[in-house]
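Each chain, letter by letter, is given below.
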Amino acid sequence: SQQGEEDPQALSIQEGENATMNCSYKTSINNLQWYRQNSGRGLVHLILIRSNEREKHSGRLRVTLDTSKKSSSLLITASRAADTASYFCATDGGANSKLTFGKGITLSVRP
Amino acid sequence: DAGVIQSPRHEVTEMGQEVTLRCKPISGHDYLFWYRQTMMRGLELLIYFNNNVPIDDSGMPEDRFSAKMPNASFSTLKIQPSEPRDSAVYFCASSFHHRAGKLFFGEGSRLTVL
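Summary of the structure given here.

Moving on, we come to unusual backbone geometry. The omega torsion across D7(A) and P8(A) is -5°, close enough to zero to call that bond cis. With respect to the helices and strands, P8(A) occurs in the loop between β1 (5-7) and β2 (10-14). Residue P81(B) is bonded to the preceding Q80(B) through a cis peptide linkage, with omega at -10°. In this structure, P81(B) sits in the loop between β8 (74-79) and β9 (88-95). Even without glycine at this site, A78(A) takes up a positive phi of about 45°. Along the polypeptide, A78(A) turns up in the loop between β8 (71-76) and β9 (85-92).

With that out of the way, let us pick up the pattern of salt bridges. Inspection of the entire model under this criterion finds 12 salt bridges over all chains. Note that E5(A) is salt-bridged to K26(A), the shortest N-O span being 3.2 Å. With a gap of 21 residues between them, E5(A) in strand β1 and K26(A) in the loop between β3 (19-24) and β4 (31-37) connect regions that are remote in the sequence. Residue R64(B) is joined to D86(B) by a salt bridge in which the shortest nitrogen-to-oxygen separation is 2.6 Å. Taken together, the residues span a long stretch of sequence, with R64(B) in the loop between β6 (53-56) and β7 (65-71) and D86(B) in the loop between β8 and β9 at a distance of 22 residues. Here R64(B) and D86(B) have matching classes, each one buried. Shared partners join several salt bridges into a network, and the residues in it are E62(B), R64(B), E83(B), R85(B) and D86(B).

This brings us to the pairing of strand β3 (residues 19-24) of chain B. Residues and elements named next belong to chain B. As judged from the 3 bridges shared by strand β1 (residues 5-7) and β3, these two strands associate in the antiparallel manner. If you follow I5 over to β3, its bridge partner there is K24. Where β3 lies against β8, 5 bridges are found, and the strand directions are antiparallel. Of the residues in β8, the one forming a bridge with L21 is L77.

Now for the interface of chain B and chain A. It is common to report an interface's size as the accessible area lost on association of the parts. Opposite the 21 residues of chain B that make contact, chain A presents 20 residues. On inspection of chain B and its partner chain A, the count reaches 1 salt bridge. Residues E107(B) and R41(A) are paired through a salt bridge, measuring 2.5 Å at the closest nitrogen-oxygen approach. For the side of chain B that touches chain A, the element with the most residues is strand β5 (residues 42-50) of chain B, which contributes 4 residues.

This part is about the layout of surface pockets. Looking at the largest pocket, its volume works out to about 730 Å³. Taken together, 30 residues form the lining of the largest pocket, with Q37(A), F88(A), Q37(B), T38(B) and M39(B) sitting closest to its centre. Going through the elements one at a time, β1, β9 and β11 (105-110) of chain A together with β4 (31-38), β9 and β11 (109-113) of chain B are the ones with two or more residues in the lining of the largest pocket. Class assignment of the residues belonging to the lining of the largest pocket gives a composition of 6 nonpolar, 17 polar and 7 charged.

With that settled, consider the packing of aromatic side chains. In this description, a pair of aromatic rings is defined by centroid distance and the angle of the planes. On inspection of all chains with the given rule, the structure shows 10 aromatic pairs over all chains. Geometrically, the ring pair formed by Y35(B) and F105(B) is tilted, given 5.7 Å between the ring centres and 40° between the ring planes. Of this pair, Y35(B) sits in strand β4 while F105(B) sits in strand β10 (residues 104-105), and the two are 70 residues apart along the sequence. One exposure class covers both Y35(B) and F105(B), and it is buried. Its relative accessible area of 10% is what places F105(B) among the buried residues. Chaining the aromatic ring pairs together yields one cluster made of Y35(A), F101(A), Y31(B), F33(B), Y35(B), Y48(B), F91(B) and F105(B).

Quick notes on the rules
- Residues numbered from 1 in each chain as written.
- Chains lettered and ligands numbered in written order.
- Predicted model: local features only at pLDDT ≥ 70, side-chain atom pairs only at ≥ 80, totals over all residues.
- Heavy atoms only, no water.
- Helix = DSSP H or I, 4+ residues; strand = E, 2+ residues; numbered from the N terminus.
- Salt bridge = Lys/Arg side-chain N within 4 Å of Asp/Glu carboxyl O.
- Buried < 20%, exposed > 50% of the residue type's maximum accessible area, 1.4 Å probe, protein only.
- Pairing = 2+ DSSP bridges.
- Contact = heavy atoms within 4.5 Å.
- 1 Å grid on protein atoms, 1.4 Å probe; cavity = no way out; pocket = protein on both sides within 12 Å on 5 of 7 lines; lining within 4 Å.
- Points joined across faces, edges and corners; volume = space filled by probe spheres on them.
- Nonpolar A, V, L, I, M, F, W, Y, C, P; charged D, E, K, R; others polar.
- Phe/Tyr/Trp six-rings, centres within 6.5 Å; stacked < 30°, edge-to-face > 60°.

Given below as structure tokens:
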């Protein structure tokens with residue numbers, strides 16, 4: 001069963017706008033990761049945030065983690081048409097647990 | 001460096017036939033994972049290996065599915081006999097030194113069972 005659940009399921013924005021995607025999870029985690037999947041391709045790792053971190057940046061990406069609310073957000077600033085893809089959060093629930101993925105968010109960036 | 005390589009990229013077969021999917025992980029990675037992706041169920045972990053040894057196969061749907069890793073550079077996922085409900089995209093992924101760290105995915109094998 002999926003641990004992380006992304007919200008919204010689909011998001012459509014104009015190029016240049018910011019895109020915010022959310023992920024909620026149920027049990028305690030060691031780390032949370034975000035991946036991108038372009039249509040017909042494999043998943044590509046974007047960023048990993050550990051449970052003792054609150055915020056992380058990578059280029060135009062900003063990820064936050066709130067362990068008290070069991071939630072994370074991924075912000076893509078100044079979006080581009082090339083950011084059009086599905087985005088997944090994945091959680092590691094601790095000792096001997098596996099990385100489990102949410103069902104993903106479909107982001108469409110209109111030129 | 002080459003990434004994770006999967007073959008075939010597309011496979012169309014008839015119900016009852018045997019299907020073999022192949023994966024070459026990134027050199028030096030000691031974890032290998034097989035995932036299945038469908039619209040209904042999302043991305044599901046089927047099985048993973050550490051140093052060529054199967055660690056957790058609890059996600060394998062039924063006995064028709066089997067996976068092997070005879071050496072550090074090759075793994076197979078076999079479905080025998082195949083059924084239409086097995087139609088999905090199957091991904092292989094590898095990682096270095098961590099079962100839940102950064103995963104590197106292949107481009108997937110899209111299986112259609114008629």
